[in-house]
Amino acid sequence: MHLQTIEKPHGKNVFEAILARRTVRAFSPDKPSRHAIQTLLEAAVRAPTAMQEEPWAFVVVQNKQTLKQLSDRAKPIFIEEMRHRNAQGVRHSFEHFARNDFDMFHGANTLLIICAKPLSPFVVADCWLAAENLMLAACDMGLGSCVIGSAVSVLNIHMVKTELGIPAEYSVIAPIVVGVPLEETVATPRKEPLVLSWKQ
Ligand SMILES: Cc1cc2nc3c(=O)[nH]c(=O)nc-3n(C[C@H](O)[C@H](O)[C@H](O)COP(=O)(O)O)c2cc1C
């Protein structure tokens, strides 16, 4: 990969891309090309990285059957986690996860998994920064993305990692689906930034 040669396919400026990015949960059947995925990974590894450790590694899953199996295995695990959290007072609805036809990956045909080698306490931060770079680049390239936090637990099961070629010492941090959006997605609102103090 030639990191200096990241193309600017659409050419949004950074702030435009930040405002245009939104979570996409409906994808067309078109698969992002190999070249597009490589560009996303190049953008990911340009993220800041504590002590220059670059702890990340990536898995690309584009096999429909594998995605279906992962979704089916992830759902009962996630439902159990949510039950446990709700029992502790958090109120999250998760009924839709129990539906047979519910796909954790929202019909996307490309799952990118950002994994971390546990080099320092900062590797999780590094990987999430890489994730945001990747999603902003995807937006700039006309691709939609969605973080699938609900699949983290299943992807960290030893057997699942082995099946996906993830060495035992790596942890799965950020599963992200990407694809061609099927429709326009309305932006979700945000609260004003809460500034706790501003000392001058
Ligand atoms: C850590 C994390 C985990 C998430 N997990 C899921 C998930 O499992 N499934 C899903 O559909 N969206 C997931 N999302 C997407 C959020 O629901 C979404 O970012 C939020 O609703 C705000 O919408 P926006 O990204 O369009 O601004 C996740 C986002 C983050 C940051």
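Our subject is the structure that appears above.
Residues numbered from 1 in each chain as written. Predicted model: local features only at pLDDT ≥ 70, side-chain atom pairs only at ≥ 80, totals over all residues. Heavy atoms only, no water.

## Some words on the overall build of the protein chain
Keep this limit in mind: Going along the chain from the N terminus, every DSSP run of H or I of four or more residues is numbered as a helix, and every run of E of two or more is numbered as a strand. Put simply, the radius of gyration uses C-alpha atoms, and a globule should come to 2.2 Å times the residue count raised to 0.38. By definition in these notes, contact holds between two residues if any of their heavy atoms fall within 4.5 Å. Areas reported here follow the Shrake-Rupley algorithm with a probe of radius 1.4 Å; residue values treat only the protein chains shown as occluding. Under this rule, positive means Lys or Arg and negative means Asp or Glu; His and the chain ends count for nothing. By convention, the point assigned to a charge is CZ for Arg, NZ for Lys, CD for Glu and CG for Asp.
Across its full length, the protein chain carries six helices and four strands. In the protein chain, the succession of α and β elements from N to C terminus is α-α-β-α-β-α-β-α-α-β. A globule of 200 residues ought to have a C-alpha radius of gyration of about 16 Å, and the protein chain, at 18 Å, matches this closely. C-alpha atoms of the protein chain, sized along the principal axes, occupy 45 × 45 × 40 Å. Put simply, of all contacts in the protein chain between residues at least 6 apart along the chain, 83% involve residues at least 24 apart. Surface summary for the protein chain: the accessible area is close to 12000 Å², and the carbon and sulfur share equals 57%. With 21 positive and 20 negative side-chain charges, the protein chain shows a separation of 4 Å between the mean positions of the two kinds.

## A look at a nonpolar patch on the surface
What counts is decided by this rule: A patch consists of residues exposed above 30% relative accessible area that lack any salt bridge, with like charges linked at up to 9 Å and nonpolar side chains (Val, Leu, Ile, Met, Phe, Trp, Tyr) linked at up to 5 Å. Salt bridge criterion: a side-chain nitrogen from Lys or Arg within 4 Å of a carboxyl oxygen from Asp or Glu. Under the scheme applied here, a residue whose accessible area is under 20% of the maximum for its type counts as buried, over 50% as exposed, and between as partly exposed, the area being computed with a 1.4 Å probe on protein chains only.
A grouping of Val14, Phe15, Ile18 and Leu19 is seen on the molecular surface, where their side chains present a nonpolar patch of about 420 Å² in accessible area. As for its position among the elements, Leu19 is in helix H1 (residues 14-20). Overall, the relative accessible area of 54% leaves Leu19 in the exposed class.

## Observations concerning the nonpolar core
The line we're drawing: What we call a nonpolar core is a set of buried Ala, Val, Leu, Ile, Met, Phe, Trp, Tyr and Cys residues that are connected through their side-chain atoms within 4.5 Å.
Phe105, Leu111, Ile113, Leu155, Leu164 and Val177 are the most contacted members of the largest nonpolar core, which totals 30 residues. Looking at this core, the elements that each hand over two or more residues are strand S1 (56-61), helix H3 (64-87), strand S2 (111-116), helix H5 (152-155), helix H6 (158-164) and strand S4 (171-179). For this core, the element with the most residues is H3, which contributes six residues. Beyond its immediate stretch of four places on either side in the chain, Phe105 contacts Phe27, Leu67, Leu70, Ser71, Leu111, Ile148, Ala151 and Val177. Counting 25 residues, the second largest nonpolar core, distinct from the first, contains Leu40, Leu41, Ala44 and Cys127.

## Quick notes on H3
Where we set the bar: Expected span of a helix, by definition, is 1.5 Å for each gap between consecutive residues, and there is one gap fewer than residues. Axes are fitted to the seven residues ending at a residue and to the seven starting at it; the angle between these axes is taken as the bend at that residue. Whenever a nitrogen or oxygen atom comes within 3.5 Å of another N or O atom, the pair is scored as a polar contact, on the condition that within protein one atom can donate a hydrogen and the other can accept it, and that pairs from neighbouring residues in sequence are kept only if both atoms are in side chains.
In this model, H3 (24 residues) spans 34 Å end to end at C-alpha, consistent with the 34 Å of a helix rising 1.5 Å per residue. At Ala74, H3 shows its strongest bend, of approximately 25°, with the proline Pro76 following within four residues. Looking only at H3, the buried set comprises Leu67, Leu70, Ser71, Ala74, Lys75, Phe78, Ile79, Met82 and Asn86. Its side-chain oxygen placed 2.9 Å from the backbone nitrogen of Gln65, Asn63 serves as the N-cap of H3. Immediately beyond the C-terminal end of H3, within one or two residues, lies Gly89, with a positive phi of roughly 105°.

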